[in-house]
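The primary structure of each chain is shown beneath.
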Amino acid sequence: MSSITLKTPEDIAGMRIAGKLASEVLDYITPFVKVGVTTGELDRLCHEYMSNVQGTIPAPLNYCPPGYTPYPKAICTSVNDVICHGIPGDKVLKNGDVVNLDITVIKNGYHGDTSRMFFVGEASILARRLSEITYECMWLGIAKIKPGAYLGDIGFVIQQHAEKAGYSVVREFCGHGIGKVFHEEPQVLHYGRPGTLEKLQAGMIFTVEPMINAGRREIREMGDGWTIKTKDRSLSAQWEHTVLVTETGYEVLTLSAGSPAAPDFITASSAAA
Ligand code: MF3
Ligand code: CO
Ligand code: CO
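Per chain, residue numbering runs from 1 following the sequence as it is written. Chains and ligands are labelled sequentially in the order written, the chains with letters from A and the ligands with numbers from 1. Residue-level local features of this predicted model are given only where pLDDT is at least 70; pairs of side-chain atoms are given and counted only at 80 or more, and the full residue set underlies all totals for whole chains, interfaces and linings. Excluding hydrogens and water, the side-chain values take into account all heavy atoms of the structure.

Peer 1: Give me the site of ligand 1: which residues, what numbers.
Peer 2: Contacts to ligand 1 come from 14 residues, most closely from P60, D102, H183, E209 and E240. Taking T104, its side chain carries an N or O atom lying 3.3 Å from a nitrogen atom of ligand 1. In protein, a polar contact means a hydrogen-donor-capable atom and an acceptor-capable atom, both N or O and within 3.5 Å, with residues adjacent in sequence counting only if both atoms are side-chain atoms; elsewhere, any N or O pair within 3.5 Å suffices. In the model, an oxygen atom of ligand 1 is placed 2.8 Å from a nitrogen or oxygen of the E209 side chain. Working definition of accessibility: Shrake-Rupley area with a 1.4 Å probe, residue cover restricted to the visible protein chains. For ligand 1, whose unbound accessible area comes to 330 Å², protein coverage reaches 96%. Put simply, ligand 1 lies in the largest pocket. A class-by-class count of the residues in the shell around ligand 1 yields six nonpolar, four polar and four charged. When at least one non-hydrogen atom of a residue lies within 4 Å of a molecule or strand, that residue is treated as near it. Here a cavity means grid points, on a 1 Å grid over the protein atoms only, where a 1.4 Å probe fits yet cannot get out; a pocket means an open set of points with protein on both sides within 12 Å along at least five of seven lines; lining residues are those with an atom within 4 Å of a point. In this description, a molecule resides in a pocket or cavity if more than half of its atoms sit within 2 Å of the grid points defining it. Here the nonpolar group is Ala, Val, Leu, Ile, Met, Phe, Trp, Tyr, Cys and Pro; Asp, Glu, Lys and Arg are the charged ones; every other residue, Gly included, is treated as polar.

Peer 1: How would you explain the coordination of the cobalt ion (ligand 2) if you had to name every residue and give the values?
Peer 2: In this listing, donors mean N, O and S atoms no farther than 2.8 Å from the metal, or 3.2 Å for Na, K and Ca; water is missing from the atoms, so a site can look incomplete. At 2.0 to 2.2 Å from the cobalt ion (ligand 2) lie its protein donor atoms, namely D113 (OD), H176 (NE2), E209 (OE) and E240 (OE). By the criteria applied here, four donors are tetrahedral when all angles lie between 85 and 135 degrees, four are square planar and six octahedral when opposite donors are over 155 degrees apart and every other angle lies between 65 and 115, and any other arrangement is irregular. Because the angles between the six donor atoms bound to the cobalt ion (ligand 2) fall within 51 to 163°, the donor set is best described as irregular. When the donors of the cobalt ion (ligand 2) are listed by position in the chain, the intervening gaps give D-x62-H-x32-E-x30-E. Between the cobalt ion (ligand 2) and the cobalt ion (ligand 3), a spacing of 3.3 Å is present, and a bridge between the two is formed by D113. Separated by 96 residues along the polypeptide, D113 in strand β5 (residues 110–119) and E209 in the loop between β9 (205–208) and β10 (211–213) bring together distant segments of the chain. The burial state of D113 is the same as that of E209; both residues are buried. Strands are runs of DSSP state E lasting at least 2 residues, helices are runs of H or I lasting at least 4, and numbering of each runs from the N terminus. Burial here depends on accessible area, computed with a 1.4 Å probe over protein chains only, as a share of the maximum for the residue type. Under 20% is buried, over 50% is exposed, and the range in between is partly exposed.

Peer 1: A description of the pattern of salt bridges should follow, citing residues and the corresponding values.
Peer 2: A pairing counts as a salt bridge when a side-chain nitrogen of Lys or Arg comes within 4 Å of a carboxyl oxygen of Asp or Glu. Taken as a whole and assessed by the stated rule, the structure comprises ten salt bridges. R216 is the partner of E218 in a salt bridge, and the nearest nitrogen-oxygen pair spans 3.3 Å. For E218, a relative accessible area of 26% translates into the label partly exposed. Residue R216 is classed as exposed on the basis of its relative accessible area, which comes to 55%.

Peer 1: Give a description of the packing of aromatic side chains that names residues and reports values.
Peer 2: Think of it this way: a Phe, Tyr or Trp ring, Trp meaning its six-membered ring, pairs with another when their centres are within 6.5 Å, and the plane angle makes it stacked under 30 degrees, edge-to-face over 60, tilted otherwise. Counted according to the given criterion, the structure contains six aromatic pairs. Note on Y28 and F32: the rings are 5.4 Å apart at their centroids and 50° apart in plane angle, and the pair reads as tilted. Owing to a relative accessible area of 23%, Y28 belongs among the partly exposed residues under this scheme. Aromatic ring contacts, followed pair by pair, group Y28, F32 and Y49 into a single cluster.

Written out as structure tokens, the structure is:
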């Protein structure tokens, strides 16, 4: 028995708005991601933009899943070997850093969740390739989404693409259902086998957010209760979209004017809502 909620037309309308707003926070912050800025300043700017310009609420602030302490900031800033949930603070971004900014906003009770990678100054060839492969992983997974497909189909293509490149897939964190609740069923694993796990139905909304490590997949948790790093200190990358299962395929809800183009293998027809 599945407890994945199917969204109503009203829910879907709300999720389109929240998704676009989340992406627009990333558009807004892009020019500020430069050598010398602190992650705390990026957080402050995003929070101000959400509150004062968008009228959105940052979902991470005080978010407290079972076993966690309340998350203290409005966004997540995950630099270099930080896989996810990096807490903004005094850290100054330097030339060559790579950072994931993960934004979740709430608008009219609905959540939009999306993240992108940013290069600070000139990034290494490795960092660029890791980010590019991870972006392709996300889109390969998204391209599998249609009614009748399986969650395992998504995980499989992501794992294949990452491992073919010599990288590894983080197992401990996954995509998730999302709506009026930040994290709900299903879990969207970024590894797996085709034809396994939940069968997709029109009206489901979930995120695809692969975390890919340049080295080994093992993680370590920092003492702050949130920050997750690669155990071997290798670089890690992540991209995230929130996606609706439509009658014919999928609709990416977290797109805006500044979203990077989808890879060439995404055709207009496969992306048609
Ligand atoms: N935005 C993250 C996700 O994609 C969750 C961050 S939880 C937080 O699911 F509390 F750290 F913000
Ligand atoms: Co998410
Ligand atoms: Co997120």
